[in-house]
Amino acid sequence: MLKERISRIFRHFCGHSLDDFTSFVSLTRLLHTPVDGASLGVGRMLFGLMMMIDIPEERSGGDLDYRWGNPRDCRFPLFNFLAPCSLPRMGIIYGVMWLGALGIFLGFKYRLSCLMFSLPYWYVFLLDKSSWNNHSYLYGLLGILFFFTSANRFCALDTTRRKEVPFWNYFLLKFQFFILYFLAGLKKLSTEWLSGYSMTNLGYHWVFAPFRVFLGADLTDLLIIHWFGFIFDLTIAFFLIWQRSRPLASLVAAAFHLMNSRLFTIGMFPWVCLVEMPLFYSFDWPRKILRKGSSEKKPQNVQKTVKEVTRKERSTARWILCYMALQFFLPYSHFITKGYNNWTEGLYGYSWDMMVHSWDTILISIKVTDKTNGHTLYLEPYAFSETDRWTKHADMAVQYAHCVHKNLIQGVAESQRTDIDPENVAIFFDIWCSMNKRFQQRVFDPRVDLLKADWSPFRETKWVLPLLSELTYLRPRMKEITEDVLSWSNFTDIMFIADYPGLQMENYISKDLDNVTITCLDGSIKVTSEDSQESVALLPQQSLPLSSGIFHSVRVMSETPACYMFIYQNRTMKHLTEEGSLPAEEERPLLPIVAEISHRLENFVKFCMHVGNSLLYEIYGVPMPMRI
């Protein structure tokens, strides 16, 4: 009786019999059951359309000259042997990728179009880890999955008389979105997210205005953004599978993704999720709309016919199971790729963590020292890269150091400088970050020469300084102190710092600031200032005023990490405000839809010009114009 009841519940939930999953043969038979390919065809068409918009936007097709035009720009490829082609050839690669997306949209030369999109996409994707977004990998995976399906049997130029596709065509795509949501929910099952430290102050955004009326900003941050976000990701795929909850779940998911499109700069990701949501509905819903048919009253079960399972079908089922296992394994494979683990686990910080971690960087120092004569240079951190994602990840830091070294050699050769030997230098990074409202602290050991630093994908990186988790307990107190200091005036501010024993922070206090004090919170520190001949030791709760316009240093003297805070007032901002010289902030429209559409059209026009200029250069040798 219990087995029959479970079987009824399972069939009621997803429309399949539990017996279909009790053996490999029955599962293979289910996966190869013919079903209508109409919904799949619409999903294919809309995916192609989204990628046609994405390529000039998030793939930087409209700014090809900025993205790939300067050979001195530093790249962060996943594999060091990968390198970008020349700008004209990159333009042609982008053009092929866009034509592939167009072919997917039209269903023309379908499998060739999938290859034309997917191969250039993965090439561009693997060229630069610093440009990866939460789900940049998703588009490449969908391109490959669509290649193996028969999604060109509806709404396609090269459609055939056959209307049916194997059920696994739907199953695999729906599994990809299921894993996207479900694993994002599992990753949010952490103290960081559930305590509300990941996305602070987001509750002040206008999309949460109705919630703020009843909850206030702080509770909106905690209950709506963090707790509801966790519950949504963990459960929404199950509600989309169940037919009774599917309409309401679709509305909630649509609202969720539309809000995300307003909150974050994440490209076409919310829209891809929206347009692929109908895959969870009946297989033939587009034909019903075209026939003006009535609504579906019963769940559309897959009607199976008992037949022998062929060797090819068995092989396909095995590949599907392997793919599913890989998708479950990769988000938890960080015990293998230890070299990519820093303060967070994973290859590029986002991984499958779905914005569980937020960052605030206050200092990026690049010091180049000639090992022969001791001469030291400090480089502009953004000289060779517009992104600072390399500051949080050891693999990218090593790549950036070697890129800086290569550019330094070339620059010294061109300028014929004699005060530094670029072949015999050491490069040190001193980078200070805060993760999830913790203390600002160093990411890497500033005493390690990054040109000689040991790094491997499969070994722990010793020169990454651990996150000072032992000081996490102070976060509530930090919040209380911050709220108190900010209440003094509109011009006061505060900064929390933590550092390791024996290390020293050197800091310059701008002349714009006054009433600067340093207060020790835990451990012990020694403060040395340019205007004083003596160093002052501070214990917990002891403070010291500091002069502006000079350098000072803070050394940790205790045997354990120490933490301290700076409190200061922005004198210039106060003066401008009192004089009425401070320009008022320009009010931004809540829904700048017209401006966004205009921007997308402008990007598309620029993209077409870049591709056209690339073709002219490669075919006729016409010089390719570049913006500076």
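Further up the page is the structure itself.
Residues numbered from 1 in each chain as written. Predicted model: local features only at pLDDT ≥ 70, side-chain atom pairs only at ≥ 80, totals over all residues. Heavy atoms only, no water.

What follows concerns helix α5 (residues 87-106). Over its 20 residues, α5 extends 29 Å from the first C-alpha to the last, a length consistent with the 28 Å expected when each residue adds 1.5 Å. Following α5 by one or two positions, Gly107 has its phi on the positive side, about 70°. (Helix = DSSP H or I, 4+ residues; strand = E, 2+ residues; numbered from the N terminus. Expected span 1.5 Å × (residues − 1).)

Turning next to the sheet that holds strand β7 (residues 492-499). Strands belonging to one sheet form pairs held by backbone hydrogen bonds; the direction of such a pair is parallel or antiparallel. Taken in spatial order, the four strands make up an open sheet running β7-β14-β9-β12, and their pairing is antiparallel. Each having just a single partner strand, β7 and β12 (543-546) make up the two edges of the open sheet. Averaged over neighbouring strand pairs, the angle between their axes works out to 20° when direction is ignored. As paired strands, strand β9 (residues 513-522) and β12 are joined by four bridges and run antiparallel to one another. The partner of Thr517 across the bridge, within β12, is Pro545. Strand contacts of helix α16 (residues 475-486): β7, β9 and β14 (562-570), with the helix running at about 155° to β7, the strand carrying the most contacts. Running over the sheet, helix α17 (residues 571-579) touches β9 and β14 and is turned about 25° from β14. (Pairing = 2+ DSSP bridges. Axes fitted to C-alpha atoms, helices over the stretch in contact; angles between N-to-C directions. Contact = heavy atoms within 4.5 Å.)

With that settled, the discussion passes to the sheet that holds strand β3 (residues 359-370). Taken in spatial order, the four strands make up an open sheet running β4-β3-β5-β6, and their pairing is antiparallel. Pairing within the sheet leaves two strands with one partner each, and these edge strands are β4 (376-379) and β6 (441-442). Sheet topology places β3 next to β4; four bridges connect them, and they run antiparallel. Opposite Val368, over in β4, you have Leu377 as the bridge partner. Its contacts with the sheet put helix α15 (residues 394-415) on β3, β4 and β5 (425-435), and the angle it makes with β5 is roughly 140°.

A few words now on a nonpolar patch on the surface. A surface patch of nonpolar side chains, amounting to about 580 Å² of accessible area, comprises Trp206, Leu590, Leu591, Ile593, Ile597 and Leu601. Mapped onto the elements, Ile597 comes out in helix α18 (residues 593-620). Judged by its relative accessible area of 48%, Ile597 is partly exposed. (Patch = residues over 30% accessible without salt bridge, like charges linked within 9 Å, V, L, I, M, F, W, Y side chains within 5 Å. Areas by Shrake-Rupley, 256 points an atom, 1.4 Å probe, with all protein chains shown as cover. Salt bridge = Lys/Arg side-chain N within 4 Å of Asp/Glu carboxyl O. Buried < 20%, exposed > 50% of the residue type's maximum accessible area, 1.4 Å probe, protein only.)

On to the state of the cysteines. Under the criterion given, the structure shown has one disulfide. Here Cys74 is linked by a disulfide to Cys403, with a sulfur-sulfur distance of 2.0 Å. Measuring the twist about the S-S bond at about -95°, one finds the Cys74-Cys403 disulfide to be left-handed. Of the two residues, Cys74 sits in the loop between α4 (64-68) and α5 while Cys403 sits in helix α15, which places them 329 residues apart along the sequence. With respect to class, Cys74 is no different from Cys403; both count as buried. (Disulfide = S-S within 2.5 Å.)

Tyr94, Phe117 and Phe146 are the most contacted members of the largest nonpolar core, which totals 91 residues. Ranked by residues supplied to this core, first place goes to helix α8 (residues 168-187) with twelve residues. Filtering out sequence-adjacent residues up to four positions away, Tyr94 remains in contact with Ile55, Arg59, Ser60, Gly61, Leu64, Arg67, Trp68, Val124 and Phe607. Among the nonpolar cores identified, the runner-up in size contains 34 residues, and Cys74, Met396, Ala397 and Tyr400 belong to it. (Core = buried A, V, L, I, M, F, W, Y, C linked by side-chain atoms within 4.5 Å.)

This brings us to empty space enclosed by the protein. According to the stated counting rule, one finds four cavities of 30 Å³ or more in the structure shown. A volume near 70 Å³ is recorded for the largest cavity. Among the elements that take part in the lining of the largest cavity, helix α6 (residues 110-127) stands out by supplying three residues, more than any other. Reported here for the second largest cavity is a volume of approximately 60 Å³. A class-by-class count of the residues in the lining of the second largest cavity yields six nonpolar, three polar and one charged. (1 Å grid on protein atoms, 1.4 Å probe; cavity = no way out; pocket = protein on both sides within 12 Å on 5 of 7 lines; lining within 4 Å. Points joined across faces, edges and corners; volume = space filled by probe spheres on them. Nonpolar A, V, L, I, M, F, W, Y, C, P; charged D, E, K, R; others polar.)

What follows is about the environment of Asp128. Mapping Asp128 onto the fold places it in the loop between α6 and α7 (136-148). Using a relative accessible area of 5% as the deciding quantity, one classes Asp128 as buried. Distance in space between the C-alpha atoms of Asp128 and Phe79 is 9.6 Å, their sequence separation being 49 residues. In contact with Asp128, not counting residues within four places along its chain, are Arg67, Phe76 and Pro77. Looking at Asp128, its side chain comes within polar contact range of the side chain of Ser130, at 2.6 Å. (Polar contact = N/O pair within 3.5 Å; in protein donor to acceptor, adjacent residues only side chain to side chain.)

What follows covers α7. Within α7, ten of the 13 residues are buried, leaving the element largely enclosed by the surrounding structure. Of all the residues in α7, the buried ones are Ser136, Tyr137, Leu138, Tyr139, Gly140, Leu141, Leu142, Gly143, Leu145 and Phe146. Close packing links the buried residues of α7 with α3 (38-54), α6, α8, α12 (269-276) and α14 (311-329).

Moving on: the environment of Ala38. Relative to the elements of secondary structure, Ala38 occurs in helix α3. A C-alpha to C-alpha distance of 7.7 Å links Ala38 and Cys155, two positions 117 residues apart in sequence. In this structure, Ala38 is in contact with Phe154, Tyr170, Phe283, Asp284, Pro286 and Arg287, ignoring residues within four places of it in sequence.

We now examine the side chain of Thr369. Tracing the sequence through the fold places Thr369 in strand β3. With relative accessibility at 16%, the residue Thr369 sits in the buried group. Of the polar contacts made by the side chain of Thr369, one reaches the side chain of Thr376; its length is 3.5 Å. Residue contacts for Thr369: discarding those within four places in its chain leaves Gly374, His375, Thr376, Asn424, Val425, Ala426 and Phe428.

Burial of β9 is extensive: seven of the ten residues sit out of reach of the surface. Alignment of β9 against β14, held across seven bridges, turns out to be antiparallel. When the sheet's bridge partners are listed, Asp514 is paired in β14 with Gln569.

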